[in-house]
Amino acid sequence: MYRENRDLLARAIREETGGADPLLTDGEAHADLASTVAFALAKKERRRPPEIAQELAGRLAKRPDLMGIRVEATGPYLNFTFGSEYLDRSLQAAVKPGYGSLPRREERVVVEHTSANPNGPLHVGHIRNTIIGDTLARVMKKAGYRTETQYYVNDMGRQIAIVSWGVDRYGGGDPAVKGDDRIARQYIAANRELEADPALTSEIDRLMQQVEAGEPETVAKFRSAVSICLDGIKKTLADLHVSHDRFVWESDFVRNGDVGRVLDRIRLLPEYRRDETVWLDLAPHGFDKRYILQRSDGTTVYAARDLAYHIWKARHCDRMIDVLGADHKLIGAQLQCTLRLMGETPPSIVHFEFVSLPEGSMSTRAGKFVSADDLIAEVEGKAREEVARRREDLGEAERHAIARSVAVAAIRYDTVKVSPEKAMVFDWRQALDFERQSGPYLQYAHARACSILEKAGPFTGSFGYSDPHEIALAKMIARFPSVIEQAADQLAPHLLAAYAHRLADLFNTFYQHVPVLKSESPSRERRLTLVRGMQNTLRECLETLGIDALASM
RNA sequence: GGGCCCGUGGCUUAGCCUGGACAGAGCGCCGGGCUUCUAACCCGGAUGUCGGGGGUUCAAAUCCCCCCGGGCCCGCCA
């Protein structure tokens, strides 16, 4: 309804002004929507904005298609306030399962995220990628796109060669240790040894040549080491409510000849250069650095395989979205540029800035990081304390289940609420805060609503709101589909996080000031319907954020 | 050195793309509210040169330029 009214108003303003940009904005406290079009017209018409607004308001108010929308000019502003029918119809939609889902589209979207090198466990930097990516995928799905998530597995880079070399040298470690932790130990030890004795580097080079040539034993060793690590990573991802639809192995593109074919096509580009290496001269396109694709020993670098991957990926979807750290900005832009030169589809790239520790940036190689597993364990521990304190009535298993959900909610929300371009310093105090601007706060609002609905028993849905708290809440509920739309259009999952908070906030205020169960019919039924609508909206919203909508906590 | 990003109350942050009505929140601080639908809550209060300067505009946190501070990138790594 909100989106319909917005589009209706935009068209009406365009028609009444002879095609001016409607300049619709959020009306905030003043109205549901507002327009500043009178300012824009003032210059052209050489009249004062309030005068124009006044006249325009008069014309708009007479339009039959805007029946039910109150139009008024407040000084130079045009304010539009939607009538009660708007709220009633919005609530009718809001109580239905799947509320907020936009009409299905045919477009297929592939969201690639996380794709961390399998040389150790995910740390708090990686999971920013994971959480942004997974939330984005959920948003796209909710916005009607056919969506698939992919993890691009680097199983043949230098770092993996070091891992494989280490596994060979140290015997693979204790099988009781989680795969990603086990691999990290080999990787860290191998790096230490390589730093001490640089001559050993030639052994790494040889491994990389062997794997590129498809030498079976080396290939098998790389795969095995990567699989061990990936098993651990998948476990961590599952703990965060993340699963990928597909894992795409980098080496497959070498083995199936795709990388070779990419290089063949590259040769035909005017940007193609060959000396000891194969590279592209992208200077005419604004990149002064060489874009190297093949080393002097004939092995390909990551960039070549990445081109092959994206070309393959583009065959299976209409749109690609990659979630990458800000350190990949240059290489990402070069990739997009090259794909364009080849006549291929470039991906949209969502970059996020780094997460660092108070003592500096993280490093897997140096073993300097806070692992996602540690974070989850720590937050879950705190959640257990909280649940134990509040819910003595529940059994231990039930309390642990709640604590687990609360922990994931806290972590996911903390990460997704910050816009991606903001660099973050990881902060334990903030991670362990379950108050207002947190995932648990949202879950709490949902649980409160569920509790009311459960105690209420069956009731007949009915509509009509007059109390300011009711109206404010109903209006926020009505906005949900437009928030999904906006988050999808802008690839900005944090917009959804902000919405969830505003919704929960308004509900808690409503909860405090407006009695539901104790109110008299017909208010009781109307308010119960509103609570149902809010609960359903918040549930859909939380689901899209990858957070459990708990019925009790 | 060049490129990209960030700089909003003590701390964290929304708003910036698409300029417009008093810059929203959270933490912390001060004060209030649990015989009443779950107090992970609610209500009230103090705290802001929107990094600095210039420009564009009727109007700038928002657009442009310069400067300062921080992060990232500039590899035959990924």
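Keep in mind that this is a model prediction, so the values were computed, not measured. (Residues numbered from 1 in each chain as written. Chains lettered and ligands numbered in written order. Predicted model: local features only at pLDDT ≥ 70, side-chain atom pairs only at ≥ 80, totals over all residues. Heavy atoms only, no water.)

Let's shift gears to the overall build of chain A. Broken down by element type, chain A carries 20 helices and 14 strands. Structurally, chain A occupies a C-alpha span of about 80 × 65 × 40 Å along its principal axes. By the burial criterion, 54% of the 553 residues in chain A qualify as buried. The contacts in chain A between residues at least 6 apart in sequence include a share of 76% that link residues at least 24 apart. Of the roughly 24,800 Å² of accessible surface on chain A, a fraction of 49% belongs to carbon and sulfur atoms. Of the side chains in chain A, 75 bear a positive and 79 a negative charge, and the two mean positions are spaced by 4 Å. (Helix = DSSP H or I, 4+ residues; strand = E, 2+ residues; numbered from the N terminus. Buried < 20%, exposed > 50% of the residue type's maximum accessible area, 1.4 Å probe, protein only. Contact = heavy atoms within 4.5 Å. Areas by Shrake-Rupley, 256 points an atom, 1.4 Å probe, with all protein chains shown as cover. Lys, Arg positive; Asp, Glu negative; His and termini not counted. Charge placed at Lys NZ, Arg CZ, Asp CG, Glu CD.)

The next subject is the domain arrangement of chain A. Segmenting chain A into domains produces domain 1 (2–82), domain 2 (113–121 + 134–319 + 326–348) and domain 3 (372–544). In this assembly, 6 residues from domain 1 lie in contact with 6 residues from domain 3. Carbon and sulfur atoms supply 44% of the area buried between domain 1 and domain 3, which totals about 530 Å² over both sides. Contact with domain 3 buries surface across domain 1, with Y2, R3 and D32 losing the most and accounting together for 72% of the total. Summed over the shared surface of domain 1 and domain 3, the number is 4 salt bridges. Scanning the region where domain 1 abuts domain 3 turns up 4 residue pairs in polar contact (both at pLDDT 80 or more). Considering each element in turn, the side of domain 1 that touches domain 3 owes the most residues, 3 residues, to helix α1 (residues 2–17). (Domains from an automatic or database assignment. Buried area = accessible area lost by both parts, 1.4 Å probe. Salt bridge = Lys/Arg side-chain N within 4 Å of Asp/Glu carboxyl O. Polar contact = N/O pair within 3.5 Å; in protein donor to acceptor, adjacent residues only side chain to side chain.)

Here we take up helix α19 (residues 494–513). Over its 20 residues, α19 extends 29 Å from the first C-alpha to the last, a length consistent with the 28 Å expected when each residue adds 1.5 Å. In the core, the buried residues of α19 are packed alongside α5 (126–142), α15 (396–416), α17 (439–456), α18 (468–489) and α20 (523–544). (Expected span 1.5 Å × (residues − 1).)

Looking now at helix α8 (residues 201–212). With 12 residues, α8 should reach 16 Å at 1.5 Å per residue; the first-to-last C-alpha distance of 17 Å fits that figure. Looking at the buried residues of α8, the elements they touch are α6 (158–170), α7 (179–196), α9 (216–239), α10 (250–255) and α12 (302–314). Of the residues flanking the end of α8, it is G214, one or two places downstream, whose phi is positive at about 80 degrees.

Attention now goes to the side chain of T277. Looking at where T277 falls in the secondary structure, it is placed in the loop between β8 (272–274) and β9 (278–280). What T277 contacts, discounting residues up to four positions off in sequence, is I292, Q294, R295 and S296.

With that out of the way, let us pick up the protein's contact with RNA strand B. The environment of RNA strand B is formed by 68 residues, the closest being K289, R390, R436, Y444 and K518. Within 4 Å of the protein, the contacting atoms of RNA strand B are 67% sugar and phosphate, with bases supplying the remainder. S419 is positioned with one of its side-chain polar atoms (N or O) 2.4 Å from a phosphate oxygen of RNA strand B. Between Q437 and RNA strand B, the recorded distance is 2.7 Å, taken from a side-chain N or O atom to a sugar or linking oxygen. Tallied by class, the residues present in the surface near RNA strand B amount to 26 nonpolar, 22 polar and 20 charged. (Near = heavy atom within 4 Å. Nonpolar A, V, L, I, M, F, W, Y, C, P; charged D, E, K, R; others polar.)

Counting residues in hydrophobic clusters, the biggest one holds 166 residues, and the most contacted among them are L60, F80, I266, L293 and I477. Per element, the largest residue contribution to this core is 10 residues, and it comes from α18. When sequence neighbours within four positions are dropped, the list of residues in contact with I266 reads Y272, L280, L293, L307, T338 and M342. (Core = buried A, V, L, I, M, F, W, Y, C linked by side-chain atoms within 4.5 Å.)

Looking now at the sheet that holds strand β3 (residues 69–74). Pairing is antiparallel in the open sheet, where 4 strands are placed in the order β1-β2-β4-β3. Looking at the sheet topology across the chains shown, the edges are occupied by β1 (24–26) and β3. On average, each strand axis in the sheet is inclined to that of its neighbour by 30 degrees, with strand direction left out of account. Across 3 bridges, β1 lies against strand β2 (residues 33–35) in antiparallel orientation. (Pairing = 2+ DSSP bridges. Axes fitted to C-alpha atoms, helices over the stretch in contact; angles between N-to-C directions.)

Let's shift gears to the sheet that holds strand β10 (residues 291–294). Two pairing modes exist for strands in a sheet, parallel and antiparallel, and in both the strands are linked by backbone hydrogen bonds. As summarised here, the arrangement of the 3 strands in space is β8-β9-β10, forming an open sheet in which the pairing is antiparallel. A strand with exactly one partner marks an edge of an open sheet, and here the two such strands are β8 and β10. The average undirected angle you get between the axes of adjacent strands in this sheet is 30 degrees. As paired strands, β9 and β10 are joined by 3 bridges and run antiparallel to one another. In the strand pairing of β10, V278 is matched with Q294.

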